[in-house]
Amino acid sequence: MPPAVPPGPEPPAWHWLAQGRGSPRLVLVVVFVALLLDNMLLTVVVPIVPAFLYTTEHEGANSSVAPAQPEAAPPASEDPPFSSLFSYFDNSTVTVPGSVPNGTESSPPALPRGCPEGDEFLTKENVRVGLLFASKALVQLLVNPSVGALTNRIGYHIPMFIGFTILFLSTVMFAFSGTYTLLFIARALQGVGSSFSSVAGLGMLASVYTDDCERGSAMGIALGGLALGVLIGAPFGSIMYEFVGKSSPFLVLAFLALLDGALQLCILQPSRISPESTKATPMATLLRDPYILVAAGALCFSNMGVAMLEPTLPIWMMQTMCSPQWQLGMAFLPASISYLIGTNLFGILATRMGRWLCSMVGMAVVGVSLLCVPLATNIYGLIGPNAGLGFAIGMVDSSMMPIMGYLVDLRHTSVYGTVYAIADVAFCMGFAIGPSTGGAIVGAIGFPWLMVIIGVTNLAYAPLCWALRSPPAKEEKMAILSQECPMQTKSYSGQKLLREFPLTDSSDAEDKHME
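Here the structure is a predicted model, which is why all the values come from computation and not from measurement.

What counts and how
Along every chain, residues carry numbers that run from 1 in the direction the sequence is written. Local features are withheld for residues below a pLDDT of 70 in this predicted model, meaning they are given only at 70 or higher, and side-chain atom pairs are given and counted only at 80 or more; totals for whole chains, interfaces and linings count all residues. Each side-chain value is derived from all of the structure's non-hydrogen atoms; neither hydrogens nor water enter the calculation. For helices the rule is a DSSP run of H or I covering at least 4 residues; for strands it is a run of E covering at least 2, with both sets numbered from the N terminus onward. Only protein chains enter the accessibility calculation, which uses a 1.4 Å probe; a residue is then buried when its area is under 20% of its type maximum, exposed when over 50%, and partly exposed in between. Whether two residues touch is decided by their heavy atoms; if any such pair falls within 4.5 Å, the residues are in contact. Think of pLDDT as the predictor's per-residue confidence, scored from 0 to 100. Here is the rule: rings of Phe, Tyr and Trp (six-membered ring for Trp) pair when centre to centre is within 6.5 Å. Planes less than 30 degrees apart are stacked, more than 60 are edge-to-face, and the remainder are tilted. The axes used here are C-alpha line fits, helices contributing only the stretch in contact, and every angle between their N-to-C directions lies in the interval 0 to 180 degrees. Each crossing gets its handedness from the near helix: less than a right angle anticlockwise from the far helix is left-handed, clockwise is right-handed. For this classification, the nonpolar set comprises Ala, Val, Leu, Ile, Met, Phe, Trp, Tyr, Cys and Pro, the charged set comprises Asp, Glu, Lys and Arg, and every other residue, Gly included, is treated as polar. By this rule, a helix spans an expected 1.5 Å times one less than how many residues it contains. Here, the arc refers to the directions that run from the helix axis to the C-beta atoms.

## Topic: the overall build of the protein chain
Working step 1: Per the secondary structure count, the protein chain includes 17 helices and 2 strands.
Working step 2: Each of the 515 residues in the protein chain was classed as buried or not, and the buried ones make up 51%.
Working step 3: Taking the contacts inside the protein chain whose residues are at least 6 apart along the sequence as the reference set, 84% of them involve residues at least 24 apart.

This is the structure:
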């Protein structure tokens, strides 16, 4: 009988992966990439959808009207069936068939190049696009509570992979949708996938980073992925749409999503159910906690400011600054860059200076920045307010996300799916209310007053963050508190040990042995 051949050496890549699966850093990589792709898809449609809808609908109107037009120009005495319309997207005056030739009748004084003439058209198109953009946040708002309860039952791995699958389908649908209805469905489907990815991803980070300082840093890095996606999504979409075509940016994102799915399969292994070992606190109980409500309100109102700017600032720039098209997207670039800096910087600094103080200062800066936006007379005047806005929102987000996990550890059961569902609901409420109501408020009282309303709201809410300075704990958890600084509790391992990640049969056996 020939001797048995010993197994060959394990490939270095698989050996590294097997050793690294228990590392929280790989979990952070997975969550970072998931949030990056989700928010790239969130913003890549911003420059594409309005231009695509206008082009297709305007060309369709032209093709249906053109055959009925006579060869000769209509007499000057007849009212033209159409008039010159300003293109929101091309920033030039578009002469629609049937318009009156130059010189046939008196015309109003010429507007500077790039200034709109079709205010009614811009208003109608802005409302439709705003509703399409808000559909994602509205759907995500409705799905989040169910996802939070699901993660408590089956763990974070499978919901995370479900989120990837839905986002991939939404991306492919965006690539091949040619009507407003299909684009609306794709955007709503993205909201479902985002709910799974965000709630499961943030809950997973909170469960593997039990040290409070490390958790704050990890949340800051993960939110940096969100900021990076917002930063590069819109420029990437506009360049690809301009030079390659509508489907190209979505197909590239679909390919990147497949790579993210392969990464999840290798690291998370979403093939088994791994429920939480302890029963989660019901959502109704968490919603009655005033400290969680204060933190959720800070997330909602601070993000509502930038959400209201998205549909209203470009049109206000066109009407008051006669801005060309490239400036409409570049106006948000300072906010994206400063948000990326703020989330990474204050993920560490907020622990030292106090997260409550960081959040309170951040909300005050948000309010002041919003009040300064209407004072700008050109795009350069928007750099300061928008940069301050993004930096301040980064301060609030990087502080409030760890506080959510801290409050659950301090006052409830250390199971994080439900509380991060509440955090995501607060975030989505800001981005649902903002785009859907901002245009209507501007139409009623004007853009400057909209900024005054949301700016004063943030300034008035900021002092409530003082309540998070030293939240009381339940009696059985008093031992967790640090006497020097309550917001710097070192570890929560007394309640739940950090186990190998992802969970394996050996880890379950170790738990039973410990018991």
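## Here's the deal with the confidence of the model for the protein chain
Working step 1: Per-residue pLDDT for the protein chain has a mean of 76; in total, 71% of the residues score no lower than 70.
Working step 2: Per-element mean pLDDT across the protein chain ranges from 42 in strand β1 (residues 85-86) up to 94 in helix α13 (residues 355-372).
Working step 3: Below pLDDT 50 for its whole length, residues 68-114 participates in 70 contacts with residues either more than four positions away or in separate chains.
Working step 4: Low pLDDT, under 50, characterises residues 480-510; the stretch is placed with 68 contacts to residues that sit more than four places away or in other chains.

## Comments concerning the environment of Ala331
Working step 1: Within the secondary structure, Ala331 is located in the loop between α11 (325-330) and α12 (333-353).
Working step 2: A relative accessible area of 2% means that Ala331 is categorised as buried.
Working step 3: Remark: the alpha-carbon pair of Ala331 and Leu313, spanning 18 residues in sequence, is separated by 8.7 Å.
Working step 4: Apart from residues no more than four positions distant in its own chain, Ala331 is found in contact with Leu313, Met317, Ile379, Leu382 and Asn386.

## What to know about the packing of aromatic side chains
Working step 1: In this structure the tally under the stated criterion is 8 aromatic pairs.
Working step 2: Measuring from ring centre to ring centre gives 5.2 Å for Phe161 and Phe164, while their planes differ by 50 degrees; the resulting arrangement is tilted. Of this pair, Phe161 and Phe164 both sit in helix α5 (residues 157-176), 3 residues apart, which is roughly one turn of the helix.
Working step 3: Residue class for Phe161 comes out partly exposed when judged on its relative accessible area of 22%.
Working step 4: Between Phe427 and Phe431, the aromatic rings sit 5.0 Å apart at their centres with planes inclined by 35 degrees, giving tilted as the arrangement. A residue pair is termed a helical-turn pair when its members lie 3 or 4 positions apart in one helix, as Phe427 and Phe431 do in helix α15 (residues 417-445) at 4 residues.

## Quick look at the packing of helix α10 (residues 290-321) against α15
Working step 1: Following both chains from N to C, one finds α10 and α15 inclined at 35 degrees, their axes separated by 7 Å at the closest point. Two packed elements cross with a definite hand, and for α10 against α15 that hand is right-handed.
Working step 2: Looking at the contact of α10 with α15 residue by residue, the classes come out as 19 nonpolar, 7 polar and 1 charged.

## Looking at helix α16 (residues 447-461)
Working step 1: For α16, spanning 15 residues, the distance from its first C-alpha to its last is 21 Å, which sits close to the expected 21 Å at 1.5 Å a residue.
Working step 2: Burial in α16 covers these residues: Phe447, Leu450, Met451, Ile454, Gly455, Asn458 and Tyr461. Seen along its axis, α16 keeps its buried residues to an arc of 130 degrees; they face one direction. α16 presents Trp449 and Ala460 as exposed residues on the side facing more than 90 degrees away from its buried surface.
Working step 3: In this structure, the buried residues of α16 make contact with α10, α13 and α15.

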